[in-house]
Each structure stands twice: as C-alpha cells, then as structure tokens.
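What the coordinates show
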Number of protein chains: 2
Amino acid sequence: MYHFSVCGSKTPNGVELEELPVSCAAMYTSSEHLLKSDIVLSVMKKYLRKDMQTESSYEDRKCKIRRLEITDKSKGFIELLRQLTVCDSLSDKEFEDRFHELASQGDDHIICVIEDDSTGKIIATGSVFIEKKFIRNCGKVGHIEDVVVDSSARGLHLGKKVIQFLTEHAESVGCYKVILDCSAENRAFYEKCGFKQKEIQMVKYFT
Amino acid sequence: MYHFSVCGSKTPNGVELEELPVSCAAMYTSSEHLLKSDIVLSVMKKYLRKDMQTESSYEDRKCKIRRLEITDKSKGFIELLRQLTVCDSLSDKEFEDRFHELASQGDDHIICVIEDDSTGKIIATGSVFIEKKFIRNCGKVGHIEDVVVDSSARGLHLGKKVIQFLTEHAESVGCYKVILDCSAENRAFYEKCGFKQKEIQMVKYFT
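Since the structure is predicted, the reported quantities are computational estimates derived from the model, not experimental observations. (Residues numbered from 1 in each chain as written. Chains lettered and ligands numbered in written order. Predicted model: local features only at pLDDT ≥ 70, side-chain atom pairs only at ≥ 80, totals over all residues. Heavy atoms only, no water.)

Another point: the interface of chain A and chain B. With 61 residues of chain A at the interface, the matching set in chain B holds 60 residues. Looking only at chain A, the three residues that lose the most surface to chain B are A:Phe134, A:Met202 and A:Phe206, adding up to 16% of its buried area. Where chain A meets chain B, there are six salt bridges. A salt bridge links B:Glu101 to A:Lys132, with the shortest nitrogen-to-oxygen separation between them at 3.0 Å. On inspection of chain A and its partner chain B, the count reaches 32 residue pairs in polar contact (both at pLDDT 80 or more). Per element, the largest residue contribution to the side of chain A that touches chain B is 10 residues, and it comes from strand β6 (residues 196-205) of chain A. Taken together, the residues of the side of chain A that touches chain B sort by class into 30 nonpolar, 11 polar and 20 charged. For β6(A) and strand β5 (residues 177-182) of chain B, the ladder comprises six bridges, and the chain directions are antiparallel. Bridge assignment links A:Gln201 to a residue of β5(B), and that residue is B:Asp181. (Contact = heavy atoms within 4.5 Å. Buried area = accessible area lost by both parts, 1.4 Å probe. Salt bridge = Lys/Arg side-chain N within 4 Å of Asp/Glu carboxyl O. Polar contact = N/O pair within 3.5 Å; in protein donor to acceptor, adjacent residues only side chain to side chain. Helix = DSSP H or I, 4+ residues; strand = E, 2+ residues; numbered from the N terminus. Nonpolar A, V, L, I, M, F, W, Y, C, P; charged D, E, K, R; others polar. Pairing = 2+ DSSP bridges.)

Structural data, given as structure tokens:
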C-alpha cells in the first residue's frame, strides 16, 4: 500500500478530508511518507471528482435509508445515539414501549436510519416530528432532532442523506418549513443542506 | 390628572417603562410637563416596588391563566396570534378541527391563554409540546412555541406568566429540559425567565 502525507485536514487538491470516503481519507492520514504511485493516483482521482463522490461512496457501501424498525436495537441504534449525547442502556421492553409510542404518531414523528448492508449496523440516524399550529392557516412545522453519523462512516455524506430524507418527509406532509437547532460549528453543514440561520435557541434544564 | 415627564424609556427611579403596568406607564408618556403631586407619587410608589409589581399588576387586571378552550376563538385568540405572525382567518370548523386534533394529544401538546376578565378578551398565549426521545433514558423535551402578549397588555408581566405556566407543565410531565427559539433581542427576557442561550436555529422554508 502506498500513502500520501498531508498537512492539516486537506488533500493537495484542497479537498477537505471530511468530504472524502473513509477508506480514501485513511490513506491520507495513516502515513507521513509521500510516495507517488499510478495506482493510488487512479483511486484518488475517482474520489476527488466531487460530482461523482456522493453517489459512488454511498452506493459503494450498499447503504439504504429507511424508517427505524423495532429490530434496530440489536443493530447498534442505541450505541449510535450514544455518540450524540447521554443515552443509557435500555431494556428491550423500554425500547419497544417507546418505539410503539412513537410509531402510534404515524407520519407525525418519524425516525430514519441508514443501515450498512455489509455489516448489518445502523450507521446514521435522525428524527423529525410534525408540530401542528393555528398560525399560518393551521400550518405545520417539521422539527429535526437527534442527527448523528457513526464515527467510522464520516465522509460518506450520510448526514446530508438523513437531512434530505427528513426534510422531504416534512414537505410531503404539508409543513411550510422545517427547523432544527445546532452548534455554530455545524452551521456550514446545514447551509450546504439548504438551511439558513434564523434565531437563537434558549434552554432551561430541570435538574 | 397629573403627569410626569421623562426622558427616554425610564422613570426617574431608573425603572424601565416596559416593566410598569400599562396604566402607570401611560402616565409617564402622555405629557411632557412635570408636576409634583402626593397622589401621583403614592400611586407611583406602589408600582415602583418591584417585589409587589408583578402580582399586583397581574391581579389588578383580574386575569387568569388556563388552557385554551374551544370558545376562545370568539374571544380574540386568532387576532392575538396575528400580532405574532401570519395568521389567516379560520372558519369555525377549521378552528375546531385543529383544536380537537391538538386536544387529542392530551398533556403532550397544550396551549395556554390569559383572559382579561374585565373585557373577556384573550390577551396572552403560548404553547408547549412534548417530544419523546430515545436518548437520555427515553427522555422528554418540552418545546415552547408561539408566545405572544397583546400590545395593549405589555408591562403586566404576562409573558413571564405564560413561560412559567408552560415550563412548569413540561417539568410536571417529566421533561429533562424545555427549549425555545427566539430573536436575539428577546434573549434578555428569556434569561429573566431562567433560560440560557445554547445553540442556533436553522430553518428551511418550502415555498
């Protein structure tokens, strides 16, 4: 195996490592020695063509996006959420009770997951619930929550796939807008997904 | 009637006019002439004692806070929402359908209103819905939305009453936190209500 060495988080072509498929990004970061190779360059060229990048990397992993299923607890769904925030272990009954509670809301609360067919693991997720209002002619608003991509699957644009799936759902059920709260450092990602910053989020914890 | 004249938006004691009861604030702003009067000073003294201010002004108006009722459409509820954002006229059926739809969610979505008993008008409102999650040990989060106080009732601390009511509801049903989105200029108000700024809100409109 030949390796490239890079300084910082970009390839020599200026492409962010975050935007590269994991296998490709690993080639950049696993060695400090620079060796030229036609084979490596050929592989790199494929991934550095940004127009091909998303689809090829997504399909290469044979991932599919779908709604959460009750069997997903055994596929690492809770462990994935734990990468986002505090998420204690749940018994099968606790998981199933909450699953059915949410499922009873039908299209008004959905959770999507991306499963890696090659490993059978859930590697990305996000949720959206539909708020019904009186304003805007009895309008509806989609609230996106709890978006996370497995640390081993960064660079596959799975986060974008999740946001796209949830946004399209919100639009399909008649929402006039979809909103979410994020840290300032994630703003650029959501802007790429077509969002704009609007207000600030305030929080009060009960402890 | 005797009047005080003031410069800017504060009384001579440094109290923001916004914090005064409407009737009192009007005395400050309706004349440019300053006349001393024991009667006026006595009235002022009562309201300038901040510890008495909220309760006395709230009770003076004989307002009560309660959940939205189906008869509130005829009490100016929709007109009040119109002060917040676009809110078209709704037919009785449209209003009732949405009312029942929300009511069917029980404690998971409530709208509170403050009615002025002297006029029979709804002068403040806000809503909170309860999101159920898997994270935080199947935790729940309260989302506060659509808080508005009638322009004629500013200074009575009704906004604070509404936030307090909704926050207490969220806590009572087991939420670990309550969140809301607001403009930067309203941050100070929510800080007084015990909230802290955390993230930023991103939005995507479907048009």
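Now that the structure is up, let's keep going.
Turning to the side chain of B:Asp116, a few remarks are in order. Residues and elements named next belong to chain B. Counting through the fold element by element, aspartate 116 comes out in strand β2 (residues 109-116). A residue is classified by how much of its surface remains accessible, and aspartate 116, at 2% relative accessible area, is buried. One polar contact links aspartate 116 to serine 118, side chain to side chain, over a distance of 2.6 Å. (Buried < 20%, exposed > 50% of the residue type's maximum accessible area, 1.4 Å probe, protein only.)

This brings us to the UniProt feature "domain: N-acetyltransferase" (unreviewed entry) in chain A. In the numbering used here, UniProt assigns the feature "domain: N-acetyltransferase" (unreviewed entry) to residues 63-207 of chain A. End C-alpha to end C-alpha, residues 63-207 of chain A measures 40 Å, and it is 29% helix and 35% strand. (UniProt positions renumbered as here; feature names shortened; annotations may be inferred.)

For the rest of this paragraph, the subject is the sheet that holds strand β1 (residues 63-67) of chain A. Strand order in the open sheet made by the 12 strands is β1(A)-β2(A)-β3(A)-β4(A)-β5(A)-β6(B)-β6(A)-β5(B)-β4(B)-β3(B)-β2(B)-β1(B), with mixed pairing throughout. Both outer strands of the open sheet, β1 of chain A together with β1 (63-67) of chain B, are each paired with one neighbouring strand and no more. Shown here is a sheet whose adjacent strand axes are inclined to one another by a mean of 25°, direction ignored. Its contacts with the sheet place helix α7 (residues 158-172) of chain A against β1, β2 (109-116), β3 (121-132), β4 (140-149) and β5 (177-182) of chain A together with β6 (196-205) of chain B, and it is angled at close to 30° to β3(A). Relative to the sheet, helix α5 (residues 92-103) of chain B contacts β3 and β4 of chain A together with β2 of chain B, its axis offset from that of β3(A) by approximately 135°. (Axes fitted to C-alpha atoms, helices over the stretch in contact; angles between N-to-C directions.)

Here the focus is unusual backbone geometry. Phi at A:Asp146 is positive, roughly 50°, even though this residue is not glycine. Its location among the elements puts A:Asp146 in strand β4. Using a relative accessible area of 17% as the deciding quantity, one classes A:Asp146 as buried. Unusually for a residue other than glycine, B:Asn137 sits at a positive phi of about 55°. For B:Asn137, the location among the structural elements is in helix α6 (residues 135-138).

Before going further, it helps to examine the pairing of strand β4 (residues 140-149) of chain B. Side-chain direction in a regular strand flips from residue to residue, so the side chains alternate between the two faces of the sheet. All names here are of chain B. Burial within β4 is extensive, with nine of its 10 residues counted as buried. The sheet contact formed by strand β3 (residues 121-132) and β4 spans eight bridges and is antiparallel. For lysine 132, the partnering residue across the bridge sits in β4 and is lysine 140. Direction of pairing for β4 relative to β5: parallel, over a ladder of three bridges. Residue pairing for β5: glycine 142 is matched across the bridge by valine 178. Handedness of the crossover joining β4 and β5 through helix α7 (residues 158-172): right-handed. (Right-handed = clockwise from strand over helix to strand, strands pointing away.)

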